[in-house]
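These are the residues of each chain, in order.
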Amino acid sequence: MSVSYTLSDGLTIGVEHLWPAVAVPVAVAVLVYVVFWGERGSRSASTRSRRLLFASRVLVVVLLVVGAMGPYTVQTRETAGEPSVTLLTDDSASMDVYADTRESLVADIEATGVPVTTTTVGSEASSRLGDGLAANARENGTVVVLSDGQVTAGRSLAIAGEEARRLNATVSAVELIPRNREAAVSVSGPQTVSSGVPSRFVVSVDGVRLPDESTVEVSIDGETVATRTVGENGTTAVTHTFEDLGSHRVTATIESSDVFDRNNVFYKSVRVVEQPDVLYVSARTYPFENFLDSLYDVTKTDTVPADLSGYSSVVVQDSPATRFGNVSALQEHVIEGGGLVVVGGDNAYENGGYGESPVASMLPVSVGNATGGTTNIVLLVDVSGSAEEGMAIQKAVALDVLDQLGDENRVGVVAFNFRAFRVAELAPLGENRNTVANQIRRLTSGGATDIAIGLQGADELLGEREGTIILLSDGQDRPAQAAAVSNQLGREGTRVVSVGAGRKVNELTLREIAAESGGSYFAATETNRLRLLFGGGSRQFQGDRLTIVTRNTFITSGVELTANPGQANRVTVKPGADYQVATADGTPAIASWRFGLGRVVSITTYGDDGTLDGLLERPDSLVLTKSVNYAIGDPARTQTGVTAVGDARVGRLTSLTYRGETRPEAADITFRQVGTNRYQGEFTPSTAGYGTVLDTEYAANYPAEYGTFGQSEALTSVVEETGGQLFTPGEGAEIARLARQQSTRIRTVRDSWSWVFLLGALLLFTAEVIARRVQVYRGRTTLESGLP
């Protein structure tokens, strides 16, 4: 049995065993008998000498016993380690735009006496920096990254940074200054489009040391259709209408005198299919029919027929439930992958008896009070150390968000740093608004940041309920784990809405976390849009035109709204649906969701004359086009053959999807079945340009390594999270100083002191014997024992 005692200064003293203490009284008794009760003669030592002998022997026994008991101390102590630096050098192609400072940096560090281990990661067309960082991180070690941080293969820097943090390793980086100009062009846009429908392609120029303006030439099928000037790291959009069916080539080229030529051209293959067949259902004649007819192959009917097999989507405008027609066929059509767009009016939704009809289950809205939905909401407030500097901003934003929420919502509050703290339980906000606000005002900051822990704490507060977590944070945390938790929450029916709050906000992290759950990101200046989502009747919204509620979705991306139709049906957006657009007074105008394999859009705003009013005019008409396109989905979904080829890159596996009754055969491609009449295969392009697989043209482009340049924000985030620093190439001595600092740690040290007591007993016994021999030698006693 051991015994210990902690002193006030953090020092703990103790012994391993108590049983040796039993020997003390036994030894004392023996010594009393031997020293004092033994036979005395004329040559016996004096009483004083006997007492001194007894005292010394008892002290020797005590020292031996204490040594046998295993005395020890435990205390925290700063101890110096063996400093070393691991220099992780990126040897991928993108590093060619920077000066090679590796040898001079190693020499500067080793000149201070700190050894350097150099490890090279990456190859010409691939940078596995994340894998290299994870493999070279050591406990309490220092890793210095000589790279632009552009990871093009392997694990992400966020995951590698998490491993480094677990090991208490410091990751620092050398800030690289480009010495050469480098530009890369790319094109984004649809792979499959409909004949006669305008298609929009975005051409981007990225790079380092770019001129103020770059000239981009865009050609389609070898004919130049646009020559544009874009600014540094800028974009330009090109709209083109394809008339001929089949494959078409969209090629973007820039003129640039730089390091690499291969990334000055980007290839994109576009497959043009026949205009989708759209069934337009309405008992009246509206301008929307003509609008659709200019884009699609439209068939007009008064009611939904029994056979919808030939239509990609059904558009129903201003029809009461009793005039829908064959609703069963419509439900089957949507469940199996077809689209549905329901447009409102004086005869639709609450005016058309939708609430009690079979069509109600398919719609992303419920007929009723035209307000934002009522739900369970957890305000998740970041109170970590990274948020400390902007804590006043955090509280102000939290109180502002609270003000947007309607009284009908059940609201709770959780604060988090590296742990989660319940601040307020879920309760109706109307009767607790002031109490919740005061609890937010009393929050204090401190500690590390772990958004994943915060999300888990918010989920625990929700319990078995579905709801919404409104995350208020600066986003200064590793995204990987938090995104994984958010993804799980989304699958369980809980969305994460992130709000950037703080002096330095990492929008990329917050956007990723929200997107994983199907939620949205809002800047601190956009919190008024939360009023549209959760405002309820107690928090009315007022604007002067249609307002985009959820940005950057398929329907709202690139859309500009100027119209104000003036009327709207009284509906509520269902939980799980996407609230896309609101009217000027906050009523839902456009909402969407997935129903079975299909997609459904509700458009509930309309003009005083029952038409869609200004929505049919540019620029607002784009939101109608995109709403119908969203409902249509893949216009080639019913066709056979190769239906999709992934983003092909030279030297990288590219997937392709084939639809047909039998497994296809192609050289060097093995197909596996992934669904009914659906097969997936992979191939690796060897050259950039246009190629053919199974009679289908595809475009292969330069490796991703040649597409992004400049120091990445992901690398900077890892440096900040692990307590590292950013150095210039000439700061080798400073890197060595950090390595020494990192190797010196406050550690809990346990010291055993048995040897001190045993040595003391030996020294005392030896000294006593020597002293008695000296007495005899000097003639001060005639006793052989040496005692006087």
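What this report covers is the structure whose coordinates are included nearby. (Residues numbered from 1 in each chain as written. Predicted model: local features only at pLDDT ≥ 70, side-chain atom pairs only at ≥ 80, totals over all residues. Heavy atoms only, no water.)

Describing the packing of helix α8 (residues 391-404) against helix α9 (residues 433-441)
Here's step 1: Where α8 meets α9, the closest approach of the two axes is 10 Å, and the angle between their N-to-C directions is 165 degrees. When the axes of α8 and α9 are compared, the pair comes out roughly antiparallel. The two elements α8 and α9 cross, and the hand of that crossing is right-handed. In this structure, α8 uses Lys 395, Ala 398, Leu 399, Leu 402 and Asp 403 to contact α9, whose residues at the interface are Arg 433, Val 436, Ala 437, Ile 440 and Arg 441. (Axes fitted to C-alpha atoms, helices over the stretch in contact; angles between N-to-C directions. Helix = DSSP H or I, 4+ residues; strand = E, 2+ residues; numbered from the N terminus. Parallel < 35°, antiparallel > 145°, perpendicular 65-115°, else oblique. Left-handed = near helix turned anticlockwise from the far one by under 90°. Contact = heavy atoms within 4.5 Å.)

Considering a nonpolar patch on the surface
Here's step 1: Nonpolar side chains collect at one region of the surface, where Trp 753, Trp 755, Val 756, Leu 759, Leu 762 and Leu 763 lie side by side and expose about 590 Å² of accessible area between them.
Here's step 2: Tracing the backbone through its elements, the reader meets Trp 753 in the loop between β42 (745-752) and α17 (754-778). (Patch = residues over 30% accessible without salt bridge, like charges linked within 9 Å, V, L, I, M, F, W, Y side chains within 5 Å. Areas by Shrake-Rupley, 256 points an atom, 1.4 Å probe, with all protein chains shown as cover. Salt bridge = Lys/Arg side-chain N within 4 Å of Asp/Glu carboxyl O.)

Focus: the environment of Ala 482
Here's step 1: By secondary structure assignment, the location of Ala 482 is in helix α11 (residues 479-491).
Here's step 2: You can call Ala 482 buried: its relative accessible area is 0%.
Here's step 3: When sequence neighbours within four positions are dropped, the list of residues in contact with Ala 482 reads Ile 451, Ala 452, Leu 455 and Ile 513. (Buried < 20%, exposed > 50% of the residue type's maximum accessible area, 1.4 Å probe, protein only.)

Some points on the sheet that holds strand β27 (residues 547-548)
Here's step 1: Spatially, the eight strands line up as an open sheet ordered β17-β16-β18-β19-β32-β31-β30-β27, and their pairing is mixed. Both edges of this open sheet fall to β17 (297-301) and β27, since each of them pairs with a single strand only.
Here's step 2: In terms of strand pairing, strand β18 (residues 313-317) meets strand β19 (residues 339-343) through five bridges, oriented parallel. Paired with Val 314 across the two strands is Leu 340, which belongs to β19. (Pairing = 2+ DSSP bridges.)

Considerations on unusual backbone geometry
Here's step 1: In this structure, the amide linkage connecting Arg 618 to the following residue, Pro 619, adopts the cis form with an omega of 5 degrees.
Here's step 2: Within the secondary structure, Pro 619 sits in the loop between β33 (605-606) and α14 (621-632).
Here's step 3: Although it is not a glycine, Asp 318 adopts a positive phi angle of roughly 50 degrees.
Here's step 4: With respect to the secondary-structure elements, Asp 318 resides in the loop between β18 and α7 (327-335).
Here's step 5: Overall, Asp 318 belongs to the buried group, its relative accessible area being 5%.
Here's step 6: Here Asp 613, not a glycine, exhibits a phi torsion of approximately 50 degrees, which is positive.
Here's step 7: Structurally, the position occupied by Asp 613 is in the loop between β33 and α14.
Here's step 8: Judged by its relative accessible area of 38%, Asp 613 is partly exposed.

Some details on the sheet that holds strand β39 (residues 689-693)
Here's step 1: The strand order across the open sheet formed by three strands is β35-β40-β39, and the pairing between neighbours is mixed. In the strand order of this sheet, the two ends are held by β35 (648-649) and β39, each with one partner.
Here's step 2: In the sheet, β39 pairs with strand β40 (residues 696-701) via five bridges, with the strands oriented antiparallel. Counted as the bridge partner of Gly 691 is Tyr 698 from β40.

Considering a negative patch on the surface
Here's step 1: A contiguous patch of negative charge, built from Asp 91, Asp 96, Asp 100, Glu 103 and Glu 124, is present on the exposed surface.
Here's step 2: Relative to the helices and strands, Asp 96 resides in the loop between β4 (85-90) and α3 (102-110).
Here's step 3: For Asp 96, a relative accessible area of 41% puts it in the partly exposed group. (Lys, Arg positive; Asp, Glu negative; His and termini not counted. Charge placed at Lys NZ, Arg CZ, Asp CG, Glu CD.)

A closer look at the pattern of salt bridges
Here's step 1: In total, this model carries twelve salt bridges according to the counting rule given.
Here's step 2: Of the charged contacts, one joins Arg 166 and Glu 163 as a salt bridge, the two residues approaching to 2.7 Å between their closest N and O atoms. In this pair, Arg 166 and Glu 163 both sit in helix α5 (residues 157-166), three residues apart, roughly one turn of the helix.
Here's step 3: Looking at Arg 166, the relative accessible area reads 59%, which means it is exposed.
Here's step 4: The partner of Glu 425 in a salt bridge is Arg 422, with the nearest N and O atoms 3.3 Å apart.
Here's step 5: Glu 425 gets classed as partly exposed once you look at its relative accessible area, which sits at 47%.
Here's step 6: What makes Arg 422 partly exposed here is its relative accessible area of 46%.

Here we look at helix α15 (residues 713-721)
Here's step 1: Of all the residues in α15, the buried ones are Leu 715, Ser 717, Val 718, Val 719 and Glu 721.
Here's step 2: In this fold, the buried residues of α15 make contact with α4 (129-136), β6 (142-146), α5, β7 (170-174) and β41 (726-727).
Here's step 3: Of the residues one or two after α15, Gly 723 is the one with positive phi, at around 75 degrees.

Things to note about the packing of aromatic side chains
Here's step 1: By the definition in use, this model includes eleven aromatic pairs.
Here's step 2: A centroid spacing of 5.5 Å and a plane angle of 85 degrees characterise the contact between Phe 324 and Tyr 354, whose relative ring orientation is edge-to-face. Of the two residues, Phe 324 is situated in the loop between β18 and α7 and Tyr 354 in the loop between β19 and β20 (365-367); the sequence distance between them amounts to 30 residues. The exposure classification of Phe 324 matches that of Tyr 354, with both residues buried. (Phe/Tyr/Trp six-rings, centres within 6.5 Å; stacked < 30°, edge-to-face > 60°.)

Some thoughts on the side chain of Thr 611
Here's step 1: Mapped onto the elements, Thr 611 comes out in the loop between β33 and α14.
Here's step 2: Here Thr 611 falls in the buried class, since its relative accessible area comes to 12%.
Here's step 3: Sequence-distant contacts of Thr 611, defined by excluding residues within four places in its chain, comprise Tyr 286, Pro 287 and Tyr 606.

Some thoughts on α5
Here's step 1: Turning to α5, its buried residues are Leu 157, Ala 158, Ala 160, Gly 161 and Ala 164. Down the axis of α5, the sector holding all buried residues measures 160 degrees, keeping them to one side.
Here's step 2: Looking at the buried side of α5, the elements it contacts are α4, β7, α11 and α15.
Here's step 3: Among the residues trailing α5, Asn 168 stands out with phi positive, at a value near 60 degrees. (Arc of directions from axis to C-beta.)

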